[in-house]
Amino acid sequence: MTAAGTGALCGRRILELADPSGAYCGKLLADMGADVIKIERVGGDPARRIPPLWRNEASEDTSFAFLYTNTSKRGITLNLEPPAGRDLFLQLVRKADVVIETFEPGYLNALGVGYEALARLNSRIVLTSITAFGQTGPQCHYRSSDLVASALGGALYVIGEENDPPVTLAGSQAHVSASTFAASSSLVALLHASRTGRGQHVDVSIQEAVTAVTHICGVGKWLDDGIIPKRRGTSLFASVPSGAYPCKDGLVYLMVNRPLHWKALADWIHEETGNEEVLDPMFEGPSSRRQEHRELIDLFICELTQRFTVSEVYHEGQRRHIAFTPVNSAAAVARDPQLEARAYFVSLAHPEGGHLRYPGAPYRHSRTPWSLRGSAPGVGEHNEEVYRGELGLSAEQLGALRDHGVI
Amino acid sequence: MASSERAPAGGAQALQGLRVVEFTSGMAGPWIGRLMAYCGAEVIKIESQQRPSVVRLYVSPRAPELGVQAALSPWFTDWDAGKRFVALDLTRPEGVALARRIVAVSDVLVENYSSGVMEKLGLGYEDLERIRPDLVYFSSSGYGDTGPCRRYVSWGSNIEAMSGLATLSGFPERACTLTQFAYPDAQSALHGLFAVLCALDHRSRTGEGQRITLSQLEATVCVLGPLLMQQLARGEEPPRLGNASLSAAPQGCYPCRGEDRWCAITVEGDAAWQRFCEVVERPEWKEDPRFASLTARLGHRAELDAAISQWTRTRDAYEVMHTLQRAGIAAGVAQTAEDEFRHDAQLKARGFIEEVEHLAKGHVLAPGIPLGLTGTPGRTGRAGAAMGQDNDYVFGELLGMSPDEIRSAVLVGAIEPAATERAPAP
């Protein structure tokens, strides 16, 4: 079901043996044109049934997460454990550029198909491993989940309200973060391999991916001032003012970082509410100047925002170059005029009937456009095409492999 | 991989030989160059005294009397370490001419100025493609370069709110939940890096450059894909789940001994559930029909969470984690920056935290870059550079300008001399 692509990675071959922590990595590569072959266990990936489901009948493989993260891929089944299965895998590796895997550290090695074995067959191969804690270290065999990784990576502690328990982000963002790092690492290693003929083992730790994303605004500051970053509601410590403010019909988010943006905001508050105090020069300059007046400034802003609807504050605020934005529900995002004007959402036919709409391209390449080339593959949908068409197996051989539970 | 392989003294780096020039502010743009520099690319950041990046507007909390300390900003280390810095006045044609000469010897351009600014400066893709046909030209903006809102201003936290992330995340009773780390900035940078690398792979095989635009809003909606699809397909608002899961129970973040200490726990599958009952000293739960299956446990989540909290509350968070992990159950402390950077045995064993050379402070710690390139390990170069720190290198060595030429470019105001400032006492 995958059409030939026009994407930048057209002609690259990727093998993906990934659970939900690595599926988005494969999607990023596939939607950019790479031929990503998803290798599932015989019977299919259990991730096909992770709720919520598109069609609620329990027998159907319609997990939204699976449908989303497996677009543009081809799908085959393979049991890696019997020798015949390993041989087929190694034949595929000969013609591949990258292998993405999410098994426990040491699993592929124990089967005799670890990085060294793959590199002997194909010196340019990049093996990208995505695991909870990385391939090494005293806790590399610890169990994890998206929530546990988000906790250990420091994200939970700095999300939400001060007096609530730490809380996670929606949408398995630990796995997404590991996948986005892994996709870039794989390409960095691939560029290096193209230049030098030598591939490498890429070792991505989900805990480290969360840590890098979380502490990008926190560590240096903590080391500088000794204040450990923690939950503080909707505002950011370094930006004054910042946070969610009430309007007549919902919330807007506001952030001020530049001195000019503060001036624009203070002028608007003054114009609208007659407040003279807000024009006091002691509030002007970078955010640090306003730090000790944060609560008072928040009151001034509420007096302004409560007079209007979200849409009024948003567009009039932006006309004045102030970073006001609506706090959107998923429904509001789905009908957002800006996304609509850019034809962001993409519709794709599902092979079993009906259409689904997907979030579209995160980036637009002028010469090699991103595209969704097909729905997530069915279980073993491309077995014939890959095993017979590309590896040259006969119908009898394929039948025998099927009878022995290899595919 | 031994920890020593993370930051070797020498050794080949994956992006060696690649040159990147950037016109950036904030984080979503600069982090791309930071990561490419980490992989060995030479990254030149063009700045201007006229319009410093907000990242440089830093007042040290320990020495506010010194005012803005542009080279000491810790964010500047996190997002810009390892780059080269030149200062040009781009409002002067001579400044723009020099910027174009840098572009002519670069492979990649990264910019996140407001929509239309680069074109107005004469540094748009059409202008630069003529002098560097295989250039990969990457632009990042809040809303993308088309559409009615393309000129709107936004920061990472605005995008958290715009994209639906803030409304979809958090406990059911909270209208919106935000991070302290402006998550969309990081994801925009990571998607941008990937987009640039894709274009470089295409270029390596065809010799062709191209223009790439990224909307930070769209990249953030992408990381929420399954939730948006639920809305698009069925018109349903995905419920806020807090720390709960639809496919594992119990799961949550439970209070432990001490102030604001918590441990996250996920019990996935019936076998793990049976082991969990033993560890938390509730063997009777194993036979309890209320908890006999995932569906049953999901239905009695509140009772389970209350009982588990009772067990965790009197225990140290790390003790909870290690005890559960020994029984093969996923558990992890909600760690603070200090926990991770001072005490985390796993991060330490892997050499994750980087010590980075800093021109004013000696050394600083920085969060590691988890690219995991074991064959060509990355490393972060010098931090704490001032604007124009590398004027001599870039204009002299790289562009081959004579000291006289450089001096006259400074005199006409095209090149801005390097800024100097005092460091606060440690």
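### A closer look at the overall build of chain B
Scanning chain B for helices and strands turns up 18 helices and eleven strands. Expressed along its principal axes, the backbone C-alpha trace of chain B runs to roughly 85 × 50 × 45 Å. Counted over contacts in chain B with a minimum sequence separation of 6, partners at least 24 positions apart contribute 70%. Separation between the mean location of the 42 positive side-chain charges and that of the 52 negative ones in chain B comes to 1 Å.

### Notes on the domain arrangement of chain B
According to the domain assignment, chain B consists of domain 1 (3-225 + 353-411) and domain 2 (251-346). Computed from C-alpha coordinates alone, the two centres of domain 1 of chain B and domain 2 of chain B are separated by 41 Å.

### Observations concerning the sheet that holds strand S8 (residues 251-255) of chain A
Residue and element names in this part refer to chain A. On the basis of which strands lie adjacent, the open sheet formed by three strands has the order S7-S8-S9 and antiparallel pairing. Since the sheet does not close on itself, it has two edges, and those belong to strand S7 (242-246) and strand S9 (323-326), each with one partner. For this sheet, the mean inter-axis angle between neighbouring strands, taken without regard to orientation, is 25°. When S8 meets S9, the two strands line up antiparallel, connected through four bridges. Across the sheet, residue Val252 finds its bridge partner in S9, namely Pro326. In the packing of helix H11 (residues 294-305) onto the sheet, contacts are made with S7, S8 and S9, and the angle to S7 comes to roughly 40°.

### Overview of the domain arrangement of chain A
Split into domains, chain A comes out as domain 1 (13-213 + 342-403) and domain 2 (251-326). Placing the centre of domain 1 of chain A and that of domain 2 of chain A at their C-alpha centroids yields a distance of 45 Å.

### Digging into the packing of helix H15 (residues 383-390) of chain A against helix H16 (residues 395-403) of chain A
Residues and elements named next belong to chain A. Interaxial distance between H15 and H16 falls to 10 Å at its minimum, and their mutual angle equals 130°. Classed by the angle they form, the pair H15 and H16 counts as oblique. Handedness of the H15/H16 crossing: right-handed. Touching Glu384, Tyr387 and Arg388 of H15 are Ala395, Leu398 and Arg402, all from H16. Of the residues belonging to the contact of H15 with H16, the class tally is three nonpolar, no polar and three charged.

### With respect to the environment of Thr128 of chain A
All names here are of chain A. Among the secondary structure elements, Thr128 is positioned in strand S5 (residues 126-131). Given the relative accessible area of 0%, Thr128 is considered buried. For Thr128, the contacting residues outside a window of four places in its chain are Val98, Val99, Ile100, Glu101, Ala182, Ser186 and Val202.

### Some remarks on the interface of chain B and chain A
In this assembly, 146 residues from chain B lie in contact with 148 residues from chain A. Around 12,800 Å² of area is buried between chain B and chain A when both sides are counted, 63% of it from carbon and sulfur atoms. In this structure, the salt-bridge partner of Arg364 of chain A is Glu218 of chain B, at a minimum N-O distance of 3.5 Å. Summed over the shared surface of chain B and chain A, the number is 74 residue pairs in polar contact (both at pLDDT 80 or more).

### Comments concerning the pairing of strand S1 (residues 19-23) of chain B
Residues and elements named next belong to chain B. Here S1 lies mainly inside the structure; five of its five residues are buried. Of the two faces of S1, both are covered, the one formed by Arg19, Val21 and Phe23 as well as the one formed by Val20 and Glu22. Here S1 runs beside strand S2 (residues 42-47); their pairing, made up of four bridges, is parallel. Each residue of the ladder has a partner; that of Arg19, found in S2, is Glu42.

### Let's talk about empty space enclosed by the protein
Empty space among the atoms becomes apparent when a probe as large as a water molecule is rolled across them. Residues and elements named next belong to chain A. The full count for this structure, using the stated rule, is three cavities of 30 Å³ or more. In this structure, the largest cavity spans a volume of roughly 90 Å³. Elements with a contribution of two residues or more to the lining of the largest cavity: helix H7 (173-196) and helix H8 (206-214). In terms of residue class, the lining of the largest cavity is built from eight nonpolar, five polar and no charged.

About the thresholds
Residues numbered from 1 in each chain as written. Chains lettered and ligands numbered in written order. Predicted model: local features only at pLDDT ≥ 70, side-chain atom pairs only at ≥ 80, totals over all residues. Heavy atoms only, no water. Helix = DSSP H or I, 4+ residues; strand = E, 2+ residues; numbered from the N terminus. Contact = heavy atoms within 4.5 Å. Lys, Arg positive; Asp, Glu negative; His and termini not counted. Charge placed at Lys NZ, Arg CZ, Asp CG, Glu CD. Domains from an automatic or database assignment. Pairing = 2+ DSSP bridges. Axes fitted to C-alpha atoms, helices over the stretch in contact; angles between N-to-C directions. Parallel < 35°, antiparallel > 145°, perpendicular 65-115°, else oblique. Left-handed = near helix turned anticlockwise from the far one by under 90°. Nonpolar A, V, L, I, M, F, W, Y, C, P; charged D, E, K, R; others polar. Buried < 20%, exposed > 50% of the residue type's maximum accessible area, 1.4 Å probe, protein only. Buried area = accessible area lost by both parts, 1.4 Å probe. Salt bridge = Lys/Arg side-chain N within 4 Å of Asp/Glu carboxyl O. Polar contact = N/O pair within 3.5 Å; in protein donor to acceptor, adjacent residues only side chain to side chain. 1 Å grid on protein atoms, 1.4 Å probe; cavity = no way out; pocket = protein on both sides within 12 Å on 5 of 7 lines; lining within 4 Å. Points joined across faces, edges and corners; volume = space filled by probe spheres on them.

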